[in-house]
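Structural characterization, general
Residues per chain are reported as follows:
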2 protein chains.
Amino acid sequence: MTAPSNLNIVPFVSVDHMMRLVLKVGIETFLTELAAVIEDDFRRWEQFDKTPRIASHSKEGVIELMPTSDGTLYGFKYVNGHPKNTKEGRQTVTAFGVLSDVGNGYPMLLSEMTILTALRTAAMSAVAAKHLARANAKTMAIIGNGAQSEFQALAFKAIVGISELRLYDIDPSATERCARNLAGKGFAIKSCSSSQEAVEGADIITTVTADKQYATILSDNMVGPGVHINAVGGDCPGKTELHKDILLRSDIFVEYPPQTRIEGEIQQLDADYPVKELWEVIAGKRGGRQSERTITLFDSVGFAIEDFSALRYVRSKLQETGLYIDLDLLADPDEPRDLYGMLLRCEAKLREA
Amino acid sequence: MTAPSNLNIVPFVSVDHMMRLVLKVGIETFLTELAAVIEDDFRRWEQFDKTPRIASHSKEGVIELMPTSDGTLYGFKYVNGHPKNTKEGRQTVTAFGVLSDVGNGYPMLLSEMTILTALRTAAMSAVAAKHLARANAKTMAIIGNGAQSEFQALAFKAIVGISELRLYDIDPSATERCARNLAGKGFAIKSCSSSQEAVEGADIITTVTADKQYATILSDNMVGPGVHINAVGGDCPGKTELHKDILLRSDIFVEYPPQTRIEGEIQQLDADYPVKELWEVIAGKRGGRQSERTITLFDSVGFAIEDFSALRYVRSKLQETGLYIDLDLLADPDEPRDLYGMLLRCEAKLREA
């Protein structure tokens, strides 16, 4: 994209434009291309400024800012997490983000990120599984069939080659809806009546439940050798999904250890328990899966660099799709030091009109 | 303002709307009302979450996020500082901000803050002077006549009663422009050819230069007894304006000590040098000026709570003025857990059309 000719303008991708963009590109292509950008950024992990997210906690939830920079671009995401919201007809998680030019500090993109976060979380999970699951993985169990479940399914189809889904949720209507939404998308789908049933024969187990508490979605006896666990739902202090014994039997891969030790499944383990950084696998600095019998675990919490990749990808699509509007976000006086004069000129113009 | 009926919508105040809002309210009324909101928030200082700003530094400048919350509302500002920008026709500082509902995490306002920051900085300075300067202060020197200078002048007129200005800038054209912009606004204005000349007879000295380096805009002999110094320009590590000896003779008031010790004039002093918190004066917990001969210094760096106050004030003006647009920023599926279904329904609608 060329620089906007008007320095006051920032392109804005609304929710409606994001949906049209995903549909125009095709959701599986979108997930695949986004996964490639994430891999690209994870390969150059060491170039990034890494800060744990800045969280503002309240009784009802949390509001977080997640900034990062590669020295050329700067990105941040605003995201909230309020489990009680669904009861009031609101989303548990909403988000928006900004990408900026480090050289002059000007924002270059403002985008909705509620939908985009769902896509990047799924793409990230699939990237991890591509590097960690057994090469011939075909069957995935999804435990927790809420807002993230279909995105996970489609990302694993497009990027890992998953063709069979085994769904389970404590709320059967969630499973029903997930199965209905994914009908005709190329999956064999089995709706299950327990976690135990869902994990039978699964090469990959995705846990993506929403309870904000220490839960045991998976107990130790449910996880056989060779399985890859994609643990998505445990993502804040006090919220975990896996029994600790599973962690102790697994080879654990994480995004950014200082953050995952606070927010991920591994908050159940000692602060120095050995975990591996996923970026090193993607960059070829260390191996992924060690044997066909290893249990691999991606303890996903979501890191700022993934949002950065997502914003970078969306920005790359603006010119060809035109799916954005111009937002008058930045003051642009004719003479940069004359901000007040801009007000005076506006006043004169309004008086004429 | 009533809650928007569509949960996806966030009111957005563009640069153009902000200018119209300031002009509609009247800039002096705007500054006075904004100052009252700042005082209101400073009086309940202890209710706020206080975090130093989160800065991403680069060779060319800095990008910062400044969040805060009073437990009911959450606000943050994005702001950059790139001194070289003016050479390329861009603003050194641009900003935007968001105000959110702590209870559900949803943003309630997105606003430009380049103009708004200029206004809140000036209002904050005037609030400090109202509590610290001598009661009969009439004459203010402004050293540094860039983008912030007119806002300072107008705030001090409206809130402190300043009627005489003594302007100086190393660039005479800046002084000329400032004097021209303020002509007819009710000031007696003297353009000076040195800092020394500017401070003669001044009750208040405002320093608001832009150089990103240790500078000595004021030397010790230039500051007589009873003067109030409003030091605005020294606001990041390595950037100060006052000779250290002035600090040692002054009663120093700051916004948030942990931040000011890094960014303010007092970075020149020991880390435990005694300073006073301005909010305590505003809340009536401690006295302000001790005598007619005391030199008072407001070491201003700008704190997140001031931006919070500014966003709160702007939001209070939306309904009566209508000066905003609706932004489709938040995904709002009919069924909160069915984010993917929202995409499917969008697809069906596009196919029909």
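Residues numbered from 1 in each chain as written. Chains lettered and ligands numbered in written order. Predicted model: local features only at pLDDT ≥ 70, side-chain atom pairs only at ≥ 80, totals over all residues.

**Some words on the overall build of chain A**
Broken down by element type, chain A carries eleven helices and 18 strands. Dimensions along the principal axes, computed over C-alpha positions, put chain A at roughly 75 × 40 × 40 Å. Every one of the 353 residues in chain A was classed for burial, and the buried ones make up 56%. (Helix = DSSP H or I, 4+ residues; strand = E, 2+ residues; numbered from the N terminus. Buried ≥ 20, exposed ≤ 12 C-beta atoms within 10 Å, placed from the backbone.)

**Points about the pairing of strand β8 (residues 139-143) of chain B**
Residue and element names in this part refer to chain B. With four of its five residues buried, β8 lies for the most part within the structure. Examined bridge by bridge, β8 and strand β9 (residues 164-168) share five bridges and lie parallel to one another. In the strand pairing of β9, I143 is matched with Y168. Note on the crossover from β8 through helix α4 (residues 149-160) to β9: the handedness is right-handed. Across four bridges, the pairing between β8 and strand β11 (residues 204-207) is parallel. The residue of β11 that forms the bridge with I143 is T207. (Pairing = 2+ DSSP bridges. Right-handed = clockwise from strand over helix to strand, strands pointing away.)

**Thoughts on the relation of the copies chain B and chain A**
Here chain B sits on chain A after a turn of 180 degrees about the axis and a move of 0.0 Å along it, with an RMSD of 0.0 Å. The symmetry that links the two subunits is that of a two-fold axis. A symmetric contact is evident, with 100% of the interface residues of chain B recurring at the interface of chain A. (Least-squares fit on C-alpha atoms with pLDDT ≥ 70 in both. Contact = placed C-beta atoms within 7 Å.)

**So, the environment of B:S173**
Residue and element names in this part refer to chain B. Mapped onto the fold, S173 is located in helix α5 (residues 172-181). A tally of 11 C-beta atoms within 10 Å means that S173 is categorised as exposed. The sequence separation of S173 and E112 amounts to 61 residues, and the corresponding C-alpha distance is 28 Å.

**What about the domain arrangement of chain A?**
Residues and elements named next belong to chain A. Domain parsing of chain A yields domain 1 (9-115 + 306-352) and domain 2 (134-302). Computed from C-alpha coordinates alone, the two centres of domain 1 and domain 2 are separated by 28 Å. The greatest single-element share of the side of domain 1 that touches domain 2, amounting to eight residues, is contributed by helix α2 (residues 27-43). Taken together, the residues of the side of domain 1 that touches domain 2 break down into eight nonpolar, three polar and six charged. (Domains from an automatic or database assignment. Nonpolar A, V, L, I, M, F, W, Y, C, P; charged D, E, K, R; others polar.)

**Overview of the confidence of the model for chain A**
With 97% of its residues at a pLDDT of 70 or more, chain A has an overall mean of 93. On the interface metric, ipTM, the complex scores 0.91, and its pTM is 0.93. (pLDDT = per-residue confidence, 0-100.)

**Examining the packing of helix α3 (residues 114-132) of chain A against helix α10 (residues 304-321) of chain A**
Geometrically, a packed helix pair is captured by the angle between its two axes and the distance between the axes. Residues and elements named next belong to chain A. At a closest axis distance of 10 Å, the pairing of α3 and α10 adopts a crossing angle of 115 degrees. It follows that α3 is roughly perpendicular to α10 by the angle criterion. As α3 packs across α10, the resulting crossing turns out to be right-handed. Of α10, the residues touching α3 (which contributes L116, L119, R120 and M124) are E306, D307, S309, A310 and V314. The residue makeup of the contact of α3 with α10, split by class, is five nonpolar, one polar and three charged. (Axes fitted to C-alpha atoms, helices over the stretch in contact; angles between N-to-C directions. Parallel < 35°, antiparallel > 145°, perpendicular 65-115°, else oblique. Left-handed = near helix turned anticlockwise from the far one by under 90°.)

**Quick notes on α4(B)**
Residue and element names in this part refer to chain B. When the terminal C-alpha atoms of α4 are compared, their 16 Å separation across twelve residues agrees well with the 16 Å that a helix rising 1.5 Å per residue should span. Of all twelve residues making up α4, twelve are buried, and the element is well covered by its neighbours. Within the span of α4, buried status applies to S149, E150, F151, Q152, A153, L154, A155, F156, K157, A158, I159 and V160. Downstream of α4 by one or two residues, G161 has phi in the positive range, about 90 degrees. (Expected span 1.5 Å × (residues − 1).)

**A few points about the sheet that holds strand β15 (residues 250-254) of chain B**
Residue and element names in this part refer to chain B. The strand order across the open sheet built from eight strands is β10-β9-β8-β11-β13-β17-β15-β16, with neighbouring strands paired in parallel fashion. Each edge of the open sheet carries a strand with a single partner, namely β10 (188-191) and β16 (276-277). On top of the sheet, α4 reaches β8, β9 and β11; it is set at about 165 degrees to β8, its chief contact.

**Comments concerning the interface of chain B and chain A**
Taken residue by residue, the interface counts 67 residues in chain B and 67 residues in chain A. Classifying every residue of the side of chain B that touches chain A gives 31 nonpolar, 24 polar and twelve charged.

**A word on helix α2 (residues 27-43) of chain B**
All names here are of chain B. Spanning 17 residues, α2 covers 24 Å between terminal C-alpha atoms, matching the ideal 24 Å at 1.5 Å per step. Within α2 the residues assigned to the buried category are I27, F30, L31, L34, A35, V37, I38, D41 and F42. On an axial view of α2, the arc spanned by its buried residues comes to 165 degrees, and they lie on one face. Each element contacted by the buried residues of α2 is listed here: α1 (15-25), α3 (114-132), α4, α9 (278-282) and α10 (304-316). (Arc of directions from axis to C-beta.)

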